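Tertiary structure, described
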Amino acid sequence: IVNSNLSKNNIKKKLEIDGYVVIKNVFNKNEINSLRKILTNHFKYNQTNVNFLSKTSKFFLVKMLQPFASVHIPSLWWIFSHPKVVEIMKIILGDSFVFTNVSDAQLASKGGWH
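As the structure is a computational prediction, the values presented were derived from the model and not from experiment.

Observations regarding the overall build of the protein chain
Counting secondary structure elements, the protein chain contains 5 helices and 4 strands. Moving toward the C terminus, one meets the helices and strands of the protein chain in the order α-α-β-β-α-α-α-β-β. Here the protein chain holds 114 residues, and the buried ones make up 27% of them. Considering only contacts within the protein chain whose residues lie at least 6 apart along the sequence, 61% involve residues at least 24 apart. Roughly 8,100 Å² of accessible area belongs to the protein chain as shown, and the carbon and sulfur atoms make up 56% of that amount.

What follows is the structure, given as structure tokens:
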């Protein structure tokens, strides 16, 4: 399912060696647009302001934060059960993993959201 430039073995290996892995093409254009709309609306009407500079980069300033986004932004339900997300999690963690609802949404003044 995952249309990535990395093989399944390389995803796990890269994560173990580098501590992170970038997996491209997980979401299609419509899904990205939907996600942007959900988060833009949430942060527009639910102001959870946080102001701090990243210790590693003065470029990144977090403007707004929503802890436990999976609970507080119910319209994000689809992202946590998305077939590609589940497939990636299985590659990394194996077949028996549990999502604990720990998921934060951030809106940065210089870096978009993540």
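From this point, the discussion proceeds with the structure in view.
What about the side chain of His 42?
Mapped onto the elements of the fold, His 42 is located in helix α2 (residues 29-45). Ignoring any residue separated from it by four or fewer positions in sequence, one finds His 42 in contact with Gln 66, His 72 and Ile 73.

Cut-offs applied
Residues numbered from 1 in each chain as written. Predicted model: local features only at pLDDT ≥ 70, side-chain atom pairs only at ≥ 80, totals over all residues. Heavy atoms only, no water. Helix = DSSP H or I, 4+ residues; strand = E, 2+ residues; numbered from the N terminus. Buried < 20%, exposed > 50% of the residue type's maximum accessible area, 1.4 Å probe, protein only. Contact = heavy atoms within 4.5 Å. Areas by Shrake-Rupley, 256 points an atom, 1.4 Å probe, with all protein chains shown as cover.

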